Amino acid sequence: MSIPAIDLMTALRSGHSTSPRLTWYGPDAERVELSGRVLDNWVAKTSNLLQDELDAEPGMRLRLDLPAHWKSVILALAAWQLGMEVVLDSGDAELLATHSPESANQESGFDAVIAVPLPALAMRWPGELPPGVVDFGAEVRSHGDVFMAHVDPEASGRAVMSAAGTAHVHSDLLTGFAAAHDAGVRLLVRAADGLEAALVQALGAWHNDGSVVLVHPDVKVTDKLLSDERVKGA
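About the thresholds
- Residues numbered from 1 in each chain as written.
- Predicted model: local features only at pLDDT ≥ 70, side-chain atom pairs only at ≥ 80, totals over all residues.
- Heavy atoms only, no water.
- Buried < 20%, exposed > 50% of the residue type's maximum accessible area, 1.4 Å probe, protein only.
- Helix = DSSP H or I, 4+ residues; strand = E, 2+ residues; numbered from the N terminus.
- Pairing = 2+ DSSP bridges.
- Right-handed = clockwise from strand over helix to strand, strands pointing away.
- Expected span 1.5 Å × (residues − 1).

A. Just the pairing of strand 11 (residues 211-215), in detail. For strand 11, a buried count of five out of five residues is recorded, marking the element as mostly surrounded by other parts of the structure. Here strand 11 shows no split at all, with Ser-211, Val-213 and Val-215 on one side and Val-212 and Leu-214 on the other all buried. As paired elements, strand 10 (residues 186-190) and strand 11 share five bridges and run parallel to each other. Its bridge partner being in strand 11, Arg-186 is matched across the sheet by Ser-211. Handedness of the crossover joining strand 10 and strand 11 through helix 6 (residues 195-207): right-handed.

See the structure below:
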């Protein structure tokens, strides 16, 4: 069975697949640009990591203890493609993805913990990790570029709970949770607004064949940046 997240990834790797879909501006002059094809590649690898190494399946929950960041967006898309629920607050979950793995361990109630290094060029976690913690940076690249689900996801399963307390199932992820945007929008998204806002805006842009420029709070949004990136909406 297909769900909107799967259909979205199909669209991103198909039409205009070499066009920018997610551009990240981070500290230390970071700029990461992902085309539709490359974005889908990252999401497929991440879905395979979750499914093959951590036994993730539809209905399981992934808590994202992460700021708004391009890797956070990848993890959310991967979880939704699997039919999982993405947890954006401190709610219960089977799996945890975090940029602070030192505060989490196998006794904290999670089946598995994923350490996510945020610097763009980080190939692995910088330093020692607690026993059993999965290094996202080191592990994700070894997984396949094509994702095939072991279990079909359910459209009626919960995809996310909004900060306002509204539960969204997979079938309405792109029509209920995502923001509405004009077709082909090139959208500025400020990471300072938080991860939920970034996901809401990005999903809405992509659903309407648009693209996203996600900017770290420490990066000044200048007229030059907006012009260089051809931003059409904010």
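B. Geometry of helix 6. Taking 1.5 Å as the rise per residue, helix 6 with 13 residues should run 18 Å; its terminal C-alpha atoms sit 18 Å apart, in good agreement. Among all positions of helix 6, only Leu-195, Ala-198, Leu-199, Val-200, Ala-202, Leu-203, Gly-204, Ala-205 and Trp-206 are buried. Among the residues trailing helix 6, Asp-209 stands out with phi positive, at a value near 60°.

C. Just unusual backbone geometry, in detail. Within the chain, Ala-29 stands out as a residue other than glycine whose phi angle is a positive 60°. In this fold, Ala-29 is placed in the loop between strand 1 (20-26) and strand 2 (30-35). In this structure Ala-29 comes out as exposed when scored by relative accessible area, which is 76%. A positive phi angle, near 55°, is found at Asp-55, a position not held by glycine. By the element assignment, Asp-55 lies in the loop between helix 2 (36-54) and strand 3 (61-65). For Asp-55, a relative accessible area of 57% translates into the label exposed.

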